[in-house]
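Reading the structure
So you can see what is in the structure, the chains are spelled out below.
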Amino acid sequence: MSTDNAVQHDYAPSLNVDVAIIGAGPSGSIAASLLHAQGKRVVVLEKQHFPRFSIGESLLPCCMTVIEQANMLAAVEQAGFQFKNGAAFKYRDKYTQFDFTDKFTSGPGTTFQVERANFDKLLADEAQKQGVDIRYGHSVESIELQAEPKLVLINEQGQQQIVNAQFVLDASGFGRVLPRLLDLEKPSSLPSRSAVFNHIRDNITDKNFDRNKILISVHPDNQDIWYWLIPFSDGRCSVGVVGKAEQLEGLTTDDCDLNQVLTTMINQEPGLKQLLANAELINQSALLKGYSANVSTLATDKFALLGNAGEFLDPVFSSGVTIAMQSASMATKALIKQLDGHQVDWDQEYAAPLMKGVDTFRTYVEAWYDCRFQDAIFFDDPDPKVKQMICSILAGYAWDDNNPFVSESKRRLDMVVELCRS
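Quick look at the structure, then.

The rules behind the values
- Residues numbered from 1 in each chain as written.
- Predicted model: local features only at pLDDT ≥ 70, side-chain atom pairs only at ≥ 80, totals over all residues.
- Heavy atoms only, no water.
- Helix = DSSP H or I, 4+ residues; strand = E, 2+ residues; numbered from the N terminus.
- Rg over C-alpha atoms; globule rule 2.2 N^0.38 Å.
- Buried < 20%, exposed > 50% of the residue type's maximum accessible area, 1.4 Å probe, protein only.
- Areas by Shrake-Rupley, 256 points an atom, 1.4 Å probe, with all protein chains shown as cover.
- Lys, Arg positive; Asp, Glu negative; His and termini not counted.
- Charge placed at Lys NZ, Arg CZ, Asp CG, Glu CD.
- Contact = heavy atoms within 4.5 Å.
- Polar contact = N/O pair within 3.5 Å; in protein donor to acceptor, adjacent residues only side chain to side chain.
- Salt bridge = Lys/Arg side-chain N within 4 Å of Asp/Glu carboxyl O.
- Core = buried A, V, L, I, M, F, W, Y, C linked by side-chain atoms within 4.5 Å.

For the rest of this paragraph, the subject is the overall build of the protein chain. Within the protein chain, the secondary structure is distributed over 13 helices and 19 strands. A globule of 422 residues ought to have a C-alpha radius of gyration of about 22 Å, and the protein chain, at 21 Å, matches this closely. Referenced to the eigenvectors of the C-alpha coordinate spread, the extents of the protein chain come out at roughly 65 × 45 × 40 Å. Within the span of the protein chain, comprising 422 residues, buried residues form 58% of the whole. Accessible surface, the protein chain as shown: approximately 17,600 Å² in total, 46% of it carbon and sulfur. Charged side chains in the protein chain number 38 positive and 54 negative. The centres of these two groups are separated by 2 Å.

If you want it as structure tokens, here you go:
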């Protein structure tokens, strides 16, 4: 596999392209691939060098369709990532699972659980193989939106470069470059929560543990706190705990030991404590706090925000990468139309359709934390057809208007919760 240093670029004070993409993560690499395939001049500007750590390791089946659109499916399937066919949920003595192949919406029912450092590099390398120009070690310092966008870059040698583009896609994820530079930041409607996480050599000996599913466990004494356990194909897992900062024991002290915070919280959930009795932490645990974010504007005729650069909800249903990839697919369709000389209504052709799926996920995230959705998930006798419809959303198909739990997400969920509680 090529390294990001394999491609050398001659320094020039300015560069003219059709589209400048900020960030080479999944949404940036896929958007670049889709645009390049249509003959558009694209440059991807990435501050870091790959591979680099990123969170969000459990993909949803809906992602596979977009990966295939970018002609990257074969590479992903051959990379040796952990197969994933569903999600499992545990609360006290209750355990349930969703098989993503048994869903309402057509489309792929399986996907992978991936170490994002390797996965993101794979996608970026595939884009480069297709001919996409990716420039690592380049930071966007400022942007002007006049007749056409103009970006000022600084490379690692301290050299300044101007990129003149007809359009800018911000795929910078949690870096949120354009929201910062253009003052687009807006408070999230979701409460501030924190996540403490690590990679472990899991040494799991329980033969009943299903490595083909992400495991979501709920704290036995506080349903506002939950854990993820995402198996990888090499005997390791990603493990994390999510809650408000004051709920995670030891986290609020200035000099807290994050490894201790994570270990303490895991030991409070009996099932995880037993499952991970022989686990070994691989790295220093990390903290992501106040992660939910929003913006005042998703797109104009000069820029569009993709994935986490626009809005990030919560990691509970692994929707982040799915929203990122869907936004890349939707934005490039509108952008190709605009670059070909046609008028585009960015609100109606990008922002509104994208937010339909985001708002569907939001319904379930909010219902998870107020426990309504947890009541539905752990209900002893679910209706098989209803479970298939909800399973489609958990598999990432949150844009399927044929699914009543998408088209009327809140009302339908409320009906199910009422039945489960009656």
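With that settled, the discussion passes to helix H11 (residues 384-394). By the burial criterion, the buried members of H11 are Met389, Ile390, Cys391, Ser392, Ile393 and Leu394. Elements in contact with the buried residues of H11: strand S4 (86-91), strand S5 (94-99), helix H9 (346-369), helix H10 (372-377) and helix H12 (404-407). Residue Asp383 occupies the N-cap position of H11, its side-chain oxygen lying 2.9 Å from the main-chain nitrogen of Lys385. Downstream of H11 by a residue or two, Gly396 has a phi angle that is positive, lying close to 105°.

Moving on, we come to the pattern of salt bridges. Evaluation of the coordinates by the stated rule reveals 26 salt bridges. Across the pair Arg211 and Asp202 runs a salt bridge whose closest N-O atoms are separated by 3.0 Å. Relative accessible area serves as the criterion here: at 24%, Arg211 is assigned to the partly exposed category. With its nearest N and O atoms 3.1 Å apart, the salt bridge here joins Lys337 to Glu349. Of this pair, Lys337 sits in helix H8 (residues 320-339) while Glu349 sits in helix H9, and the two are twelve residues apart along the sequence. What you see here is one network of salt bridges that share partners, running through Asp370, Arg372, Lys410 and Asp414.

Negative phi is the rule for most residues except glycine; trans is the rule for most peptide bonds. Put simply, Phe50 and Pro51 share a cis peptide bond, and its omega is 0°. Note that Pro51 resides in the loop between strand S2 (42-46) and helix H2 (62-69). At Asp183, a residue that is not glycine, the phi angle is positive and equals roughly 55°. For Asn203, which is not glycine, the phi dihedral falls at a positive 50°. Looking at the secondary structure, you find Asn203 in the loop between strand S12 (194-201) and strand S13 (213-218).

This part takes up the nonpolar core. One finds Leu169, Trp368 and Phe373 to be the most contacted residues of the largest nonpolar core, which totals 123 residues. Sorting elements by how many residues they give to this core places H9 first, with twelve residues. Residue contacts for Trp368: discarding those within four places in its chain leaves Phe89, Ile216, Val218, Trp226, Val316, Phe317, Phe373, Gln374 and Ile377. Leu229, Val261, Leu275 and Leu276 belong to the second-largest nonpolar core, a separate cluster that totals 22 residues.

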